Amino acid sequence: MSVVVRTIARMLVPVGLVFGAYVIMHGHLTPGGGFQGGAVAASALALILVSFSAKELKPVKGLLSALESTGGVAFVVFAFLGIGFTFFANAIAGMGGLFGQPVDYGPNPGYLNTSGTLPLMNWAVGLKVLAGLGSVVLLFALFGEGEDDR
Amino acid sequence: MTVWAILQVLVLVFTVVSAALAVWLRDLLAAALALGAVGLFLSLAFYLLLAPDVAIAQAGIGAALTTAIFILAIRKTRRREEEE
C-alpha cells in the first residue's frame with residue numbers, strides 16, 4: 001500500500017490494540033467483553049496485514065495458533081475452578097486476592113478488581129478471538145502467494 | 001421530533017445511501033469501502049438504539065474485518081469490474 005496508508009496504520013495499530021485491551025479489561029463493568037475486544041484488536045491486526053506485506057507476519061502464525069489454544073484451555077480451566085459447587089460457579093468472587101474484592105449491595109461506580117473468574121474468562125475469550133480472527137485474516141493474506149503451506 | 005429521532009433517521013438514510021453506492025460503484029476498492037461505511041453507520045444506529053455491546057461487535061467485525069478481507073481479496077484479483 002501507499003506511504004499514506006502505511007503512516008496512518010503505524011499510528012492507528014497501537015491505538016486499536018490498546019482499545020481492544022481496554023474493552024476486554026472492563027468487560028465485567030461496561031458494554032463489551034472478550035468477544036468485542038478481541039474483534040477490535042483483531043481489526044488492528046488486519047490493518048497491519050492490509051498495509052504491509054503479509055510475508056513479514058508469516059512467523060506469527062505459530063504464535064497465533066498457540067495463543068488460540070491457550071485461550072480455549074484457560075476458559076475451561078477457569079470454569080473448572082468452581083467444580084466444587086457447579087461447573088462455571090464463580091469460586092473466587094469476593095474472596096480477596098486477584099479480582100476478589102468484595103462489593104456491597106446497591107449501586108457503585110464499578111470497581112475493576114471484582115467479579116472473580118469473569119474478567120479472567122473475558123481475557124481467555126479475548127485472546128482466543130484475537131488469535132482466531134487474526135489467523136483467519138493472516139491465512140487469507142498468505143493464500144496464493146506461494147506461501148500457503150498451512 | 002426530538003434530536004435523537006432525527007439522528008436515527010439520518011443514520012439510516014446514510015446506511016441506505018452507502019449500500020446503494022456499494023452496488024453502483026464500478027471501482028471494486030471504492031465499493032468495498034462503501035460496504036465498510038454501511039457497517040460503520042449500522043454500528044452508529046445500534047449505538048443510538050442503546051445497544052453499545054452490539055455496536056462494538058459490529059464496528060469490529062462488520063466495518064473493519066470484512067473490509068480488510070475484501071481489500072485483501074481485491075489485491076489478489078482485479079480492481080475493476082468487467083463491463084457486460
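A. The overall build of chain A, seen in detail. The secondary structure content of chain A amounts to 4 helices and 0 strands. Helices and strands in chain A line up, N terminus first, as α-α-α-α. By its C-alpha atoms, chain A is 55 × 30 × 20 Å across when sized along the principal axes. A total of 150 residues make up chain A; the buried ones form 35% of that total. In chain A, 68% of the contacts between residues at least 6 apart in sequence involve partners at least 24 apart.

B. Broad picture of unusual backbone geometry. In the Ramachandran plot, F88 of chain A falls in the positive-phi region, its phi being about 70° despite a non-glycine side chain. Tracing the backbone shows F88 of chain A in the loop between α3 (60-80) and α4 (117-142). Its identity is not glycine, yet L50 of chain B carries a phi of approximately 65°, on the positive side. Take L50 of chain B: it is sitting in the loop between α2 (28-48) and α3 (52-76).

C. Representation of the packing of helix α1 (residues 3-24) of chain B against α2 of chain B in the model. Residue and element names in this part refer to chain B. Where α1 meets α2, the axes come as close as 8 Å, and the angle between the chain directions of the two elements is 160°. When the interaxial angle is binned, α1 and α2 end up roughly antiparallel. Read as a crossing pair, α1 and α2 show a hand that is left-handed. Counting all contacts with α1, which are made through W4, L7, Q8, V11, L12, F14, T15, S18, A19, L21 and A22, the residues of α2 involved are A31, A34, L35, A37, V38, F41, L42, L44, A45 and L48. Split by residue class, the contact of α1 with α2 holds 18 nonpolar, 3 polar and no charged.

Parameters and conventions
- Within each chain, residues carry numbers counting from 1 in the order of the written sequence.
- Each chain is given a letter, starting from A, and each ligand a number, starting from 1, according to the order in which they appear as written.
- It should be noted that, the model being predicted, local features are given only for residues of pLDDT at least 70 and side-chain atom pairs only at 80 or more, the latter also being counted only at that level, while totals for whole chains, interfaces and linings use all residues.
- Where helices and strands are cited, they refer to DSSP runs of H or I of at least four residues and of E of at least two residues respectively, numbered from the N terminus.
- With C-beta atoms placed from the backbone, a residue is buried if 20 or more other C-beta atoms are within 10 Å of its own, exposed if 12 or fewer are, and partly exposed between those counts.
- For every residue pair, C-beta atoms are placed from the backbone, and the pair is scored as a contact if these atoms sit within 7 Å.
- For every element, the axis is a line fit to its C-alpha atoms; helices are fit only across the contacting stretch, and the angle between N-to-C directions ranges from 0 to 180 degrees.
- Throughout, the term roughly parallel applies to angles under 35 degrees, roughly antiparallel to angles over 145, roughly perpendicular to angles from 65 to 115, and oblique to all others.
- What makes a crossing left-handed is the near helix being turned counterclockwise from the far one by less than a right angle; a clockwise turn instead makes it right-handed.
- By the convention adopted, Pro, Cys, Tyr, Trp, Phe, Met, Ile, Leu, Val and Ala count as nonpolar, Lys, Arg, Asp and Glu as charged, and the other residues, Gly among them, as polar.

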